[in-house]
Amino acid sequence: MLNCTKAPFLVNFSHLLIVPVNRQICRSQDWDRAQYPTGDRRLKVMSPLLEVQDLHVYYQTARGPVKAVNGVSFEVRVGERYGLIGESGSGKSTIALAILRLIKPPGQIVSGRILLDGVDLLGLSEEEMRQQRLASVALVTQGAMNSLNPVIRIRDLIADGLSNHGVRMSAREIQTHIADLLARVGLRSEVAGMYPHELSGGMKQRVCIAIAISLRPRLIIADEPTSALDVVVQRQVMQTLRKVQEELGAAVILIGHDMGLMAQFADRMGVVYAGRQVEEGGVEELFAQPKHPYSQLLMASLPTLEEKGVFQEAQGAPPSMLDLPTGCVFHPRCPYVMERCTLEEPQLQMVWSGHRAACHLLDGDRSLDRSVAQIQEDISS
Ligand SMILES: Nc1ncnc2c1ncn2[C@@H]1O[C@H](COP(=O)(O)OP(=O)(O)OP(=O)(O)O)[C@@H](O)[C@H]1O
Ligand code: SF4
Ligand SMILES: [Mg+2]
């Protein structure tokens, strides 16, 4: 039997209170008893787990503030797989770091709210927030596998994470728990005794996933977790992430450029452009009927909706985050720009239930309903 005990002053999400707790919270046999009942996933993903509200994150530079995240709002539901896409520099990693409160100077969370199960993470003390990391929300990044300490064996890397969070187990329990975690990510138990340099890139990234799930977080943020790996290994790592996500009942935010991976993994998706969210909807709808001109350009750049397609940048350059365009941030590149677009910033509005876009064309004749072929024709003309 495996008992896990966390440190005092853990946020107890089941009661939405910050309470001193020092009690058993996890047993190995509970792991497979999913946090959410089995059955239709759609039923499990109705209630919000994470609510990001009007988030602004700036990096102060000698040339002025870089407005990396400039009024982003979205929510991720319990057990949901949510995708965030956008071109390089659009603010995706900054959003991830802000959720974990890992923004370092010269970066600063200027305003907004980040609620996890109703608790505002921005209101927690540093120590309370430290406890949340790994225990409630974990981050797996592209560079994670290279940041594994090369002189520490895998078992000690995992055990350190547990002990840093006040988990107290006997040596035997820890050994069992680590073997269980490694098995869940498809690694042999002998890997526990190995050093990171003895593992392939895919194996190291699986170790990072094992560490990320070691305290059964409710939310896993995967920021381009596979982009340094070859295609076959990418798929294997994504399958591993999906498997553990389903076993855990955790929500996942997948950040990436690879539309093929995104289409296969995510339930819903948000499109980010120049620090703003310009569209959000179910993955199938967003691929089939993108509403925002930027999303349309993205989708039109794919070979087919099913095939793997790496994000190709739309024509023109993204704006400088130091000097954002007035009105709609996309207007200098938009094929449908109107005078109003240069003056007024469009707000996200509902296209239909569960689908939002920020474009003035939505106020008019809904002429955004174009097929991918028409969009491609518009772009080339
Ligand atoms: N420490 C920093 N100082 C100044 N500007 C920064 C800093 N970190 C990020 N930025 C800027 O913030 C903006 C958003 O960066 P971010 O890394 O969040 O983008 P991203 O969407 O994750 O890009 P990519 O897809 O390339 O990973 C960029 O313009 C970037 O130059
Ligand atoms: S608001 Fe105007 S510039 Fe912006 S995406 Fe819509 S049509 Fe294009
Ligand atoms: Mg990034």
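What you are looking at is a predicted structure, and each value in this text was computed from that prediction instead of being measured. (Residues numbered from 1 in each chain as written. Chains lettered and ligands numbered in written order. Predicted model: local features only at pLDDT ≥ 70, side-chain atom pairs only at ≥ 80, totals over all residues.)

(A) Representation of the overall build of the chain in the model. Looking only at helices and strands, one finds 13 helices and 16 strands in the chain. Burial status across the chain gives 44% buried among its 381 residues. For the chain, the proportion of contacts with a sequence separation of at least 24, taken over those separated by at least 6, is 65%. (Helix = DSSP H or I, 4+ residues; strand = E, 2+ residues; numbered from the N terminus. Buried ≥ 20, exposed ≤ 12 C-beta atoms within 10 Å, placed from the backbone. Contact = placed C-beta atoms within 7 Å.)

(B) Main features of the site of ligand 2. Cys328, His331, Cys334, Cys341 and Cys359 are the nearest of the 14 residues found near ligand 2. Considered class by class, the residues forming the shell around ligand 2 number eleven nonpolar, three polar and no charged. (Near = placed C-beta within 6 Å. Nonpolar A, V, L, I, M, F, W, Y, C, P; charged D, E, K, R; others polar.)

(C) A look at the sheet that holds strand E6 (residues 64–77). Pairing is antiparallel across the open sheet formed by four strands, whose spatial order is E6-E5-E8-E9. In the strand order of this sheet, the two ends are held by E6 and strand E9 (119–120), each with one partner. (Pairing = 2+ DSSP bridges.)

(D) Fine view of helix H8 (residues 231–248). Given a rise of 1.5 Å per residue, 18 residues ought to cover 26 Å, and the 26 Å separating the end C-alpha atoms of H8 matches this to within 8%. The elements touched by buried residues of H8 are strand E7 (81–85), helix H6 (171–184), helix H7 (201–212), strand E11 (219–223), strand E12 (251–256) and helix H9 (259–265). Looking one or two residues beyond H8, the residue adopting positive phi is Gly249, at roughly 70°. (Expected span 1.5 Å × (residues − 1).)

(E) Quick peek at the sheet that holds strand E14 (residues 276–282). Reading across from one edge, E10-E11-E12-E7-E13-E14-E16-E15 is the order of the eight strands in this open sheet, with mixed pairing throughout. Only two strands of the sheet have a single partner each, and these edge strands are strand E10 (137–141) and strand E15 (349–352). Averaged over all adjacent pairs, the angle separating strand axes in this sheet is 20°, with direction ignored. In this structure, E10 lies alongside E11, joined through five bridges in parallel fashion. The residue of E11 that forms the bridge with Thr141 is Asp223. Lying on the sheet, helix H3 (residues 92–99) is in contact with E7, E10, E11, E12 and strand E13 (268–273); it crosses E11 at an angle near 150°. (Axes fitted to C-alpha atoms, helices over the stretch in contact; angles between N-to-C directions.)

(F) Summary view of the packing of helix H5 (residues 154–164) against H7. The N-to-C vectors of H5 and H7 enclose an angle of 25°; their axes lie 10 Å apart at closest approach. Taken together, H5 and H7 sit at an angle that is classed as roughly parallel. Note on packing geometry: the crossing formed by H5 with H7 is right-handed. Touching Ile154, Leu157, Ile158 and Gly161 of H5 are Val207, Ala210 and Ile211, all from H7. Residues of the contact of H5 with H7, tallied by class, amount to six nonpolar, one polar and no charged. (Parallel < 35°, antiparallel > 145°, perpendicular 65-115°, else oblique. Left-handed = near helix turned anticlockwise from the far one by under 90°.)

(G) Representation of the pairing of E11 in the model. Across the five residues of E11, five count as buried, placing the element largely inside the fold. Burial of the side chains of E11 extends over both faces: Leu219, Ile221 and Asp223 are buried on one face and Ile220 and Ala222 on the other. Note that E11 and E12 share five bridges and pair parallel. The partner of Ala222 across the bridge, within E12, is Leu254. A crossover links E11 with its parallel partner E12, the connecting element being H8, and its sense is right-handed. (Right-handed = clockwise from strand over helix to strand, strands pointing away.)

(H) Structural view of the packing of H5 against H6. Viewed as axis vectors pointing N to C, H5 and H6 meet at an angle of 110°, and their least axial separation amounts to 10 Å. Accordingly, the angle class assigned to the pair H5 and H6 is roughly perpendicular. Considering only the axes of H5 and H6, their crossing is right-handed. Between H5 and H6, the residues in contact are Arg155, Ile158, Ala159 and Leu162 and Ile174, Ile178 and Leu181, respectively. Residue classes in the contact of H5 with H6 are distributed as six nonpolar, no polar and one charged.

(I) Highlighting the site of ligand 1. Around ligand 1, the surrounding shell holds 15 residues, and the nearest of these are Tyr59, Ala68, Ser88, Ser93 and Thr94. The set of elements that each furnish at least two residues to the shell around ligand 1 consists of strand E5 (48–61), E6 and H3. When residues of the shell around ligand 1 are assigned to their parent elements, the largest contribution, three residues, is made by H3. Considering only residue class, the shell around ligand 1 consists of five nonpolar, nine polar and one charged.

(J) Inspection of the environment of Arg77 at higher detail. Mapping Arg77 onto the fold places it in strand E6. Sequence spacing of Arg77 and Leu50 is 27 residues, and the spatial spacing of their C-alpha atoms is 6.6 Å.

(K) Just the pairing of E7, in detail. Summarising burial for E7: five of the five residues are buried, a large majority. Side chains Arg81, Gly83 and Ile85 of E7 all project onto a buried face; the interleaved residues Tyr82 and Leu84 project onto the opposite face, where all are buried too. Of the pairings in the sheet, the one linking E7 to E12 comprises five bridges and is parallel in character. Across the sheet, Leu84 pairs through a bridge with Ile255, a residue of E12. Relative to E13, E7 runs parallel, the two sharing four bridges. Pairing of Leu84 across the sheet is with Gly270, part of E13.

(L) The environment of Pro65, seen in detail. Structurally, Pro65 can be placed in strand E6. Linking Pro65 and Leu322, residues 257 residues apart in sequence, is a C-alpha distance of 6.0 Å. Once residues lying within four places of it in the same chain are set aside, the contact partners of Pro65 are Tyr58, Tyr59 and Gln60.

(M) Inspection of the confidence of the model for the chain at higher detail. When pLDDT is averaged across the chain, the result is 83; 80% of the residues are at 70 or more. Low pLDDT, under 50, characterises residues 305–312; the stretch is placed with 17 contacts to residues that sit more than four places away or in other chains. (pLDDT = per-residue confidence, 0-100.)

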